[in-house]
Each structure stands twice: as C-alpha cells, then as structure tokens.
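Secondary and tertiary structure notes
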Amino acid sequence: MIRSIKMPKLFGSIALFAALAIGIIGCSSNSTEGNGQESGTPTSPPAVSNDYNVTIDTKFGQVNITEQPKRIVALGWGDAETALSLGVEPIGASDWLAFGGDGVGPWLTGAYKTAPTILGTMELDYEQIAALKPDLILDVKSSGDETRYKRLSEIATTIGVPASGDSYMTSAEDQVRMIAKALGKEQEGEALLKEVDTAFEKAAKENPEFADKTIVVAAYSSEGFGAYVKGDARIDFMTRLGFKTKDAVEQLAEGNFYINVSDEQLELLDADVTVVMPIWVDPSEVTNNKLYQKIPSVADGRSIILDADTSNAFSTGTIPSLLWTIDNLTPKIKALAVAGE
C-alpha cells in the first residue's frame, strides 16, 4: 500500500509530524564564525527609524509594520535560526527538533548572547507568549492554521505563512525574504540567499557526476518507510546539486511533500543514490531490515543512513543549516554516486 500524507495530520504524533513535515534541510558553516559580522552571527538590531514602514504579503493578507521590532518571538520551523542569521536575537523561540539549550542546531552554537525563552511548537501556550510582551511574532514556516494566526495576532503583529506556504511548505527563499523585510534587514537577507546559491553552484560544479543521476530521499519511523517528493526542502537540496528525482515516487505525491511506502513496495526506494533518515528510531532498525537490505541500491553500496546531526541539519532548511549540510553531506553523497559508475 502506498499513500500520500494529508496535512496537517500525519501520524497522530506531534513529535513525529515535526520530524517529517519540515525539513527541511539545514546547516552550519564557516560563515557562522568570526568577527560577528558574518552570516549566522547575531549583531545589534538596526537603529530605530521614524520612517520605518514595511508591508509584507501573507496568506492572511498584508501585514504593515510601522516601528522597528525590538522584541521578536520566532515560532515557525527555522524562523529563529533565520532571525539569528540576519543578526537579530529572538526573545522567545520554538525548538522544533528538541535540540535543547537555545533551541538551535550545532551549526549555530553560541549564536545567542541572551538565551531565549523556549516555547511550544504545534501546541502553544499563548499566555506564555503574551508574557514576553513581543512586538513582532514570526510564524512564517508553520501550519498556516487561521485559528493559530488569529490568536497570535491578538498578542502582537504576526507574520504568518505566505500564500503558498500552508503545511510547513514555506520555501527557504520566502522565509528569508519575509523575515528580513520584517526586521529591516532586506540587504542582509539577499546576501544570505546569494551565499547559499553560490555554495550550491560550487558544489554542483565540483561534482558533475551528480548530473542526471536519480536520488531518493527516504525516511524510516515507527510507521515504516516513506519518501520525500518535490516541494520538500530535502529534495530541493538534492536537485540543486544536480540530481533527478524518481518519477515513480513523484507520481504518488498528489500535492503532498511525502508518501508512505509499504514493505511490499520498497523497490520504490531504489535509485542511483538512496538517502535514508531515521526518525526517532535506532539506525539499526533500518540496517537490520531484511527487505531494506534487498533494495538494489542498498545491496550495491549506493545508500546512506544519516546520523542525527546530519538528519537534523538536512531537515531544518535554514541558510546556516543548508551551508553546513553542503559542506558535510556532499562528500558522502559523492562517494555513493561514484560507486555506481
């Protein structure tokens, strides 16, 4: 049996939903180190301007901001990391992947000077958020639920998902541009996007063996196997490196970012390169699966099971996590692509 996941309900488990839904991709790079002025390193908020006036288009209409935000709460998947990479520290943030500490991945360790209050993810404590007295709430990469948006808007000006961003499908580009505009950091935002574009172009140029090879990005959880499709950040990551997706997988998407794959249909996971993310299960549950072992790409040594840090970076999808993933995952993928030649 193969079925596509309908959003927002995935498996009845909020934690599992968070792990599968976004992805997102992500990473840390040399750009997060240095003198505090490079990408990924917080700087002081821009000076308040009397003529501050920006308008941002969202699913819920235009949002107008007439004063420089000073107290930002970041709730969407990767919204806090995006604000940090633009040099602004949220006072409250959601920790979607349960990193602990400041709620960001190792690619942004030490980015906060003042630790944020860690808030909920899918289930929010609105009183806790209100107690922080935010003047701007970022919920740019989230479910797009109208009730959630209205409740947050009663607390402070809220930037919700873009028109096409429901069910955590906000692109990295939209996320950066919307947040950068809200924070008065549009030039910095464009610089971040250019930095990651350049990194992808460099990686693709240095690895011409990726061109036209097929790739499947799969996941394994307590619910079994599945695969991501176009529109998900993990697949976008691979296609930007030059890989092609597998038509047989894409045909089952039905507008969703992920399909479930039964044990009887595991041949769908076969490709020139197969990447598997364990979702809160021990990797041995994947490697010890007899049916998984029979997938041609697995039997031929053209598959990889991602470690926890790489899985999290790959799924986060922020500029810092993308840069980290390009640096750390690409060499491993290259070894698999070459093995198939």
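Residues numbered from 1 in each chain as written. Predicted model: local features only at pLDDT ≥ 70, side-chain atom pairs only at ≥ 80, totals over all residues. Heavy atoms only, no water.

Next up on the list: the overall build of the chain. Helix and strand content of the chain: 13 helices and 13 strands. A total of 341 residues make up the chain; the buried ones form 56% of that total. Sequence separation of 24 or more characterises 71% of the internal contacts of the chain that already satisfy a separation of 6 or more. Accessible surface for the chain amounts to roughly 14,400 Å². Of this, 47% is attributable to carbon and sulfur atoms. (Helix = DSSP H or I, 4+ residues; strand = E, 2+ residues; numbered from the N terminus. Buried < 20%, exposed > 50% of the residue type's maximum accessible area, 1.4 Å probe, protein only. Contact = heavy atoms within 4.5 Å. Areas by Shrake-Rupley, 256 points an atom, 1.4 Å probe, with all protein chains shown as cover.)

Counting residues in hydrophobic clusters, the biggest one holds 64 residues, and the most contacted among them are I159, F237 and M238. A per-element tally of this core places helix α13 (residues 319-339) first, with 9 residues. If we ignore the near neighbours within four places in the chain, the residues touching M238 are I215, V217, F243, V275, F314, L329 and I333. (Core = buried A, V, L, I, M, F, W, Y, C linked by side-chain atoms within 4.5 Å.)

Attention shifts here to helix α7 (residues 233-241). Here α7 has its buried residues at A233, R234, I235, F237, M238 and L241. Capping the start of α7, D232 holds a side-chain oxygen 2.8 Å from the backbone nitrogen of R234, two or three residues further along. Remark: G242 follows α7 within two positions and exhibits a positive phi of approximately 120°. (Polar contact = N/O pair within 3.5 Å; in protein donor to acceptor, adjacent residues only side chain to side chain.)

This part is about the packing of helix α6 (residues 186-206) against α13. Packing of α6 against α13 brings their axes to within 10 Å, and their N-to-C directions diverge by 5°. Relative to α13, the element α6 is oriented roughly parallel. Across the interface between the two elements, L192, L193, E195, V196, A199, F200, A203 and E206 of α6 pack against I319, L322, L323, I326 and K334 of α13. The residue inventory of the contact of α6 with α13, partitioned by class, reads 10 nonpolar, no polar and 3 charged. (Axes fitted to C-alpha atoms, helices over the stretch in contact; angles between N-to-C directions. Parallel < 35°, antiparallel > 145°, perpendicular 65-115°, else oblique. Nonpolar A, V, L, I, M, F, W, Y, C, P; charged D, E, K, R; others polar.)

Here strand β2 (residues 54-58) shows a buried face lined by V54, I56 and T58 and an unburied face lined by T55 and D57. Across 5 bridges, β2 lies against strand β3 (residues 61-65) in antiparallel orientation. Of the residues in β3, the one forming a bridge with T58 is G61. In sequence, β2 turns back onto β3 through a hairpin of 2 residues. (Pairing = 2+ DSSP bridges.)

Close inspection of predicted coordinates is inappropriate for parts of the model with low pLDDT. When the pLDDT values of the chain are averaged, the result is 87; 85% of them are 70 or greater. Below pLDDT 50 for its whole length, residues 1-16 participates in 47 contacts with residues either more than four positions away or in separate chains. Scored below 50 in pLDDT, residues 22-49 makes 107 contacts in the model with residues more than four places away or belonging to other chains. (pLDDT = per-residue confidence, 0-100.)

What follows concerns the environment of T239. In this structure, T239 sits in helix α7. Spatially, the C-alpha atoms of T239 and A204 are 9.6 Å apart, while their sequence positions differ by 35 residues.

With respect to topology, 5 strands assemble into an open sheet ordered β6-β5-β4-β7-β8, the strand pairing being parallel. This sheet does not close on itself; its edge strands, each paired only once, are β6 (117-119) and β8 (158-159). As judged from the 3 bridges shared by strand β5 (residues 92-94) and β6, these two strands associate in the parallel manner. When the sheet's bridge partners are listed, A93 is paired in β6 with I118.

Counted according to the given criterion, the structure contains 12 salt bridges. We note a salt bridge from E146 to K150, for which the minimum N-O separation is 3.5 Å. One end of the pair, E146, and the other, K150, are both in helix α4 (residues 146-155), 4 residues apart, so they sit about a helical turn from each other. Judged by its relative accessible area of 44%, E146 falls in the partly exposed class. Between R240 and D197 there is a salt bridge whose closest N-O contact spans 2.3 Å. Of the two residues, R240 is situated in helix α7 and D197 in helix α6; the sequence distance between them amounts to 43 residues. Note on D197: relative accessible area 30%, which makes it partly exposed. Members of the salt-bridge network, linked through shared partners, are E173, D197 and R240. (Salt bridge = Lys/Arg side-chain N within 4 Å of Asp/Glu carboxyl O.)

Our focus in this paragraph is the packing of helix α5 (residues 172-182) against α6. Where α5 contacts α6, the axes come no closer than 8 Å and their chain directions differ by 160°. When the interaxial angle is binned, α5 and α6 end up roughly antiparallel. Once α5 is placed against α6, the crossing between them reads as right-handed. Contacts from A172, E173, V176, R177, A180 and K181 in α5 reach E186, G189, E190 and L193 in α6. When its residues are assigned to classes, the contact of α5 with α6 shows 4 nonpolar, 1 polar and 5 charged. (Left-handed = near helix turned anticlockwise from the far one by under 90°.)

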